[in-house]
Amino acid sequence: MRLALMEQMKSEILKQIQMTKIENSKQYNLFVMRIKICRKEVKESKYWLELIDTNHSENSKVLEKEQQDLIEEAIELMMIFSSIMRKSQ
């Protein structure tokens, strides 16, 4: 009787461990997917920033500087997200 109870407890513990592993795996996959989405969004933002023509404005120098700052920030963010993806695999 006691041995059967111990076996049943062991079985339940192993099931819980397996369920925890599955749940952690799902969370990990979700995390990686979200990082990929972030990287894609930053790439797209950088693309649109590069398309903006700042030459036809009276503040073209100021706008061009702001544009370059934002593009550099986008590049930094892409590198950060890429690094997270590499280290997560």
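Residues numbered from 1 in each chain as written. Predicted model: local features only at pLDDT ≥ 70, side-chain atom pairs only at ≥ 80, totals over all residues. Heavy atoms only, no water.

## Focus: the overall build of the protein chain
On a plain count of helices and strands, the protein chain comes out with two helices and zero strands. A compact globule built from 89 residues would reach a C-alpha radius of gyration of about 12 Å, whereas the protein chain, at 25 Å, exceeds it by more than 25%. Reported as C-alpha extents along the three principal axes, the dimensions of the protein chain are approximately 90 × 15 × 15 Å. Counting only residues that meet the buried cut, the protein chain has 18% of its 89 residues in that class. Between the centroid of the 15 positive side chains of the protein chain and the centroid of its 14 negative side chains there is a distance of 16 Å. (Helix = DSSP H or I, 4+ residues; strand = E, 2+ residues; numbered from the N terminus. Rg over C-alpha atoms; globule rule 2.2 N^0.38 Å. Buried < 20%, exposed > 50% of the residue type's maximum accessible area, 1.4 Å probe, protein only. Lys, Arg positive; Asp, Glu negative; His and termini not counted. Charge placed at Lys NZ, Arg CZ, Asp CG, Glu CD.)

## Notes on helix α2 (residues 60-88)
An α-helical turn contains 3.6 residues, so any two residues separated by three or four positions project in the same direction. The end-to-end C-alpha distance of α2 is 42 Å, a good match for the 42 Å that 29 residues give at a rise of 1.5 Å each. The set of residues buried in α2 consists of S60, Q67, I71, A74, M78, F81, S82, S83, M85 and S88. Its buried side turned inward, α2 meets α1 (2-51). (Expected span 1.5 Å × (residues − 1). Contact = heavy atoms within 4.5 Å.)

## As for the side chain of Q67
Relative to the helices and strands, Q67 resides in helix α2. A relative accessible area of 10% places Q67 in the buried class.

## Some points on the packing of α1 against α2
Pairs of packed helices are described in terms of their axes, by the angle between the two and the distance that separates them. Two elements in contact, α1 and α2, have axes whose closest approach is 9 Å; the angle formed by their N-to-C orientations is 160°. Looking at the two axes, α1 sits roughly antiparallel to α2. Crossing of α1 against α2: the hand is left-handed. Contacts between α1 and α2 involve Y28, F31, V32, I35, K36, C38, R39, V42, K43, K46, L49 and E50 from the first element and Q67, L70, I71, A74, I75, L77, M78, F81, S82, I84, M85 and S88 from the second. Grouping the constituent residues of the contact of α1 with α2 by class yields 16 nonpolar, three polar and five charged. (Axes fitted to C-alpha atoms, helices over the stretch in contact; angles between N-to-C directions. Parallel < 35°, antiparallel > 145°, perpendicular 65-115°, else oblique. Left-handed = near helix turned anticlockwise from the far one by under 90°. Nonpolar A, V, L, I, M, F, W, Y, C, P; charged D, E, K, R; others polar.)

## Looking at α1
Over its 50 residues, α1 runs 74 Å from end to end, which matches the ideal 74 Å to within 8%, given 1.5 Å per residue. When α1 is considered as a whole, its buried residues turn out to be V32, I35, V42, K46 and L49. The inward-facing, buried residues of α1 contact α2.

## Some thoughts on the environment of M78
In this structure, M78 sits in helix α2. In sequence terms M78 and L30 are 48 residues apart; their C-alpha atoms lie 19 Å from each other. Setting aside chain neighbours within four positions, we find M78 in contact with R39, V42, K43 and K46.

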